[in-house]
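# Inside the fold
Listed here are the chains, written in short residue letters.
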2 protein chains.
Amino acid sequence: MKTIQHIAREISASGLKVTPQRVAVMQALHKLNHPRAEEIFNEVSGSIPGLSPTTVYNVLDILAGKGMIKKVKTDSGVMRYDAVSDHHHHMYCIDTDRVEDFFDPELDMILQNYFQKKKIEGFKLEDIKLQLMGKFDESEKSKSI
Amino acid sequence: MKTIQHIAREISASGLKVTPQRVAVMQALHKLNHPRAEEIFNEVSGSIPGLSPTTVYNVLDILAGKGMIKKVKTDSGVMRYDAVSDHHHHMYCIDTDRVEDFFDPELDMILQNYFQKKKIEGFKLEDIKLQLMGKFDESEKSKSI
DNA sequence: TTCCTAAAATGGAATAATTACAAATTAGAA
DNA sequence: TTCTAATTTGTAATTATTCCATTTTAGGAA
Ligand SMILES: [Mn+2]
Ligand SMILES: [Mn+2]
Ligand SMILES: [Zn+2]
Ligand SMILES: [Zn+2]
């Protein structure tokens, strides 16, 4: 678990001022699973009275711009945010809006090799994101929220 | 190129009434490259005076529901639509909003084999979509729009 | 053919997520 | 402690999309 100090240092290291709003948003991101801006606002507004939704959007945008967090696009059209900024993929539930991380360096290697041999003409590939669509086991449902 | 008759037959075969609006939307989809609803409206409203934007959304939703077209989510958050309903992936330009189709049965096979061996616990994988992020060659820029 | 009706289209209003912007506040450098 | 650029706030605007009541129409039945 990341401490407030660690988060504060991360923010500062990105050349940003350390504000309670930014720290709290980062904490909420680490606590929640690919939350929407509104969920972050609900989580954070408890500890930061008078927090504005606009601030949440601002903070998320700025943190994403610095590469500290990632934006995750879902099929419903609502933006979701990701505390994990390292390269990874996502599993999407076909029935619900559940999203889970998927790390697989072996697969990444396979894909990298494949596209090293087989270039796409007219396109300079820089990153590959997999959207794994499917269903989470019923027994796992509790993890969803 | 698909004829109006072909399109009409497709619509009818899906159990839908054949209306000028639906045929025109399908034609626009085949003409444009992963267009937004608004682009389709602009394209179609010329031939269908009095067309309502709502109708375009309705038609797109219904065609997508029947599997005749696909919805494509982009990072900007705007929904885009795809006349190609067969399984394929997408190349996204990092700098612009250009999206192009990517077909690769060989790669699909590799992925299928990979996930046949290496199951994901707690998740029943049904479909894999690749988002290929990168840049289209400058010389290819004319193809965008 | 004409009639009928469920399906579809229309248009105006509502919603949801997000953005714009001007004024107030504040982090942190000096 | 002071200062100011950076940040937050709150309200209003925007954008994409959906809702819904009303009107129109496609296509089957008579
Ligand atoms: Mn972090
Ligand atoms: Mn078609
Ligand atoms: Zn993630
Ligand atoms: Zn496509």
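Here's what I pulled together on the structure shown here. This is a predicted model, so every value here is computed, not measured. (Residues numbered from 1 in each chain as written. Chains lettered and ligands numbered in written order. Predicted model: local features only at pLDDT ≥ 70, side-chain atom pairs only at ≥ 80, totals over all residues. Heavy atoms only, no water.)

### A few points about the coordination of the manganese ion (ligand 1)
For the manganese ion (ligand 1), the protein coordination sphere consists of Lys2 of chain A (NZ) and His30 of chain A (NE2), at 2.5 to 2.8 Å. With a gap of 28 residues between them, lysine 2 of chain A in the segment before α1 (4–13) and histidine 30 of chain A in helix α2 (residues 20–31) connect regions that are remote in the sequence. (Donors = N, O, S within 2.8 Å, 3.2 Å for Na, K, Ca; no water. Helix = DSSP H or I, 4+ residues; strand = E, 2+ residues; numbered from the N terminus.)

### Concerning the relation of the copies chain A and chain B
Under the fitted operation, chain A is carried onto chain B by 0.0 Å of movement along the axis and a turn of 180°, and the coordinates agree to an RMSD of 0.0 Å. The relationship between the two copies is best expressed as a two-fold rotation axis. For chain A, the smallest separation between a C-alpha atom and the rotation axis is recorded for leucine 130 of chain A, amounting to 2.4 Å. (Least-squares fit on C-alpha atoms with pLDDT ≥ 70 in both.)

### Overview of the interface of chain A and chain B
With 36 residues of chain A at the contact, the number on the chain B side is 36 residues. With both chains or domains summed, chain A and chain B bury close to 3100 Å², and 62% of this area falls on carbon and sulfur atoms. Our enumeration of links across chain A and chain B arrives at four salt bridges. One salt bridge connects lysine 118 of chain A with glutamate 106 of chain B, and the closest N-O pair in it is separated by 3.8 Å. Put simply, the parts of the chain that give the side of chain A that touches chain B at least two residues each are β3 (89–93), α5 (105–117) and β5 (123–136) of chain A. In terms of residue class, the side of chain A that touches chain B is built from 18 nonpolar, six polar and 12 charged. Here β5 of chain A pairs with strand β5 (residues 123–136) of chain B via 13 bridges, running antiparallel. Residue leucine 132 of chain A lies in a different strand from β5 of chain B, and its bridge partner there is isoleucine 128 of chain B. (Contact = heavy atoms within 4.5 Å. Buried area = accessible area lost by both parts, 1.4 Å probe. Salt bridge = Lys/Arg side-chain N within 4 Å of Asp/Glu carboxyl O. Nonpolar A, V, L, I, M, F, W, Y, C, P; charged D, E, K, R; others polar. Pairing = 2+ DSSP bridges.)

### What about the sheet that holds β5 of chain B?
Spatially, six strands are ordered β4(A)-β3(A)-β5(A)-β5(B)-β3(B)-β4(B) in an open sheet, and the strand pairing comes out mixed. Two strands close off the open sheet at either side, each with one partner strand: β4 (99–102) of chain A together with β4 (99–102) of chain B. Strand-to-strand twist in this sheet, taken as the mean axis angle between neighbours without regard to direction, amounts to 30°. Against the sheet, α5 of chain A touches β3, β4 and β5 of chain A together with β4 and β5 of chain B, its axis set at about 140° to β5 of chain A. Against the sheet, helix α5 (residues 105–117) of chain B makes contact with β4 and β5 of chain A together with β3 (89–93), β4 and β5 of chain B, and its axis sits at roughly 140° relative to β5 of chain B, the strand it touches most. (Axes fitted to C-alpha atoms, helices over the stretch in contact; angles between N-to-C directions.)

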